[in-house]
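Residues per chain, in single letters:
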Amino acid sequence: MLEAFRSTAIQLPNRVAMAPMTRGRADDLTGVPHPLTAEYYSQRASAGLIVSEGIWVNKTGKSGPGIPGLVTEQQAEAWREVTAAVHEEGGRIYAQLWHAGRVSHPGVTGRTPVAPSAVRQAGRIFSAGGWTDTVEPRALGEEEIGEVVQDFADAARRAVEAGFDGVELHGANGYLIQEFLAGNTNLRGDRYGGSIAARLTFPLEVVAAVTERIGAARVALRISPGNPENDIVEDDWKEVYSRLLAELRRYELAYLHVIDTPDVEVLSHLRPLWPGTLVANLRSEKPTSRAEGESLIGAGLADVVAFGRLFIANPDLPARFALHAPLAEADHDVYYGARLDGYTDFPAFEPDSAKFACSARS
Ligand SMILES: Cc1cc2nc3c(=O)[nH]c(=O)nc-3n(C[C@H](O)[C@H](O)[C@H](O)COP(=O)(O)O)c2cc1C
């Protein structure tokens, strides 16, 4: 996992990627990333690849408080500082482009959330005043869908102009792109829904528009087949994603990012269908571990492994893996929110010189 990875699109010094993680520290009014964000990511620049936190492509697509955007010049300017800081430390960073679909709230955006169909998400959602009931989203009109596709393409162009090495389209975890793919959230009868082929239309239009705008070698897609997060039901994921990958194979995307569970059922099914670069990440109660990463790469199920939670408290994760150093743990309370502790204050590992001296003598 610590060896380099090279494809025609990406060259990484190691296969330890930082998974996209919303941290909720941006200015909630302007969507401008916090001034410490440049430091936060540059501290993690030894990752083979950093995938940024999800960034909204339009205001209605913002999921929760403190999530940054990539729509205004002011936002782009702040991201330019982030990408410059990462590059200065020798790193690479992709922007994760995100439309939250129905997983949003008027308390966050001042607007009714939009989705393929007016199907309310079961459960609750984190809004400006705390946890609250979800609302029924408004079904997007056909013309509006075209506008959202353009918003993804515009944000991708802005991302490249702001110095990002590429973009990862957020097609995972129950947000807009996956809502079009899933049968329980997409009840449309037009060209965007009704059959599996039609459910693929919107995701493929986004990929087509974004690759046309910035070139396929700078575009990646994240998917989470069968993931029930945010009230998604995808019992037919094998067929849906096999067909999606068959369509995607015509683009030479930078990579496909697949979220699976530790049973690796999804990866085992999809890997043979994806000749391109595959980044894998495992979702479970416990953070994806080094041993799991080694085993994914050893089994040929992934080229690169993305680690999320471990990167919060271990900014120098590849070095810790190399040294078999102890891993720090972050308290869940610091994951999200405006508080600044638990953001840039996790130190890099410093070998205990006394201990080394001692063991050297023995
Ligand atoms: C604080 C936090 C924020 C997250 N935000 C995002 C996000 O913005 N986009 C995304 O695709 N996944 C997001 N995820 C999911 C992670 O990318 C990853 O899939 C998950 O944490 C499992 O990987 P891990 O076990 O290595 O942490 C988030 C996870 C955490 C813990």
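No experiment lies behind these values; they were computed from the predicted model shown. (Residues numbered from 1 in each chain as written. Predicted model: local features only at pLDDT ≥ 70, side-chain atom pairs only at ≥ 80, totals over all residues. Heavy atoms only, no water.)

Draft legend 1. Region of the structure containing the sheet that holds strand 14 (residues 304–307). With respect to topology, 8 strands assemble into a closed barrel ordered 3-4-5-10-11-12-13-14, the strand pairing being parallel. Across this sheet, the average inter-strand angle for adjacent strands is 25 degrees, counted without regard to direction. Bridge analysis of strand 4 (residues 49–56) against strand 5 (residues 93–98) gives 5 bridges, and the strand direction is parallel. Following the sheet pairing, Val51 is matched in strand 5 by Tyr94. Along the sheet face, helix 8 (residues 237–248) touches strand 11 (219–223) and strand 12 (255–260) and points at about 175 degrees away from the line of strand 11. (Pairing = 2+ DSSP bridges. Helix = DSSP H or I, 4+ residues; strand = E, 2+ residues; numbered from the N terminus. Axes fitted to C-alpha atoms, helices over the stretch in contact; angles between N-to-C directions. Contact = heavy atoms within 4.5 Å.)

Draft legend 2. Local environment of the confidence of the model for the protein. For the protein, per-residue confidence averages 96 on the pLDDT scale, and residues scoring 70 or more make up 97% of the total. Low confidence marks residues 356–362, where pLDDT is under 50. Its contacts with residues over four positions away, or in another chain, come to 1 contact. (pLDDT = per-residue confidence, 0-100.)

Draft legend 3. Seen up close, the pattern of salt bridges. As enumerated under the stated definition, the model contains 21 salt bridges in all. The closest approach of N and O atoms between Asp316 and Arg320, which form a salt bridge, is 2.8 Å. For the pair Asp316 and Arg320, a shared accessibility class is recorded, and that class is buried. Each member of the salt-bridge network shares a partner with another, and the members are Glu73, Glu77 and Arg80. (Salt bridge = Lys/Arg side-chain N within 4 Å of Asp/Glu carboxyl O. Buried < 20%, exposed > 50% of the residue type's maximum accessible area, 1.4 Å probe, protein only.)

Draft legend 4. The arrangement of the packing of aromatic side chains in detail. Overall, the coordinates contain 10 aromatic pairs when judged by the stated rule. For the pair Tyr40 and Tyr343, a centre-to-centre distance of 4.4 Å together with 20 degrees between the ring planes defines the contact as stacked. Taken as a pair, Tyr40 in helix 1 (residues 37–43) and Tyr343 in the loop between helix 12 (317–323) and helix 13 (353–361) lie far apart in primary sequence, 303 residues in all. With respect to class, Tyr40 is no different from Tyr343; both count as buried. Relative to Phe321, the ring of Phe307 has its centre 5.3 Å away and its plane inclined at 70 degrees; by these criteria the two rings are edge-to-face. Of the two residues, Phe307 sits in strand 14 while Phe321 sits in helix 12, which places them 14 residues apart along the sequence. Like Phe307, the residue Phe321 is buried in the burial classification. Through pairs of rings, three or more aromatic residues link up here, namely Tyr40, Tyr41 and Tyr343. (Phe/Tyr/Trp six-rings, centres within 6.5 Å; stacked < 30°, edge-to-face > 60°.)

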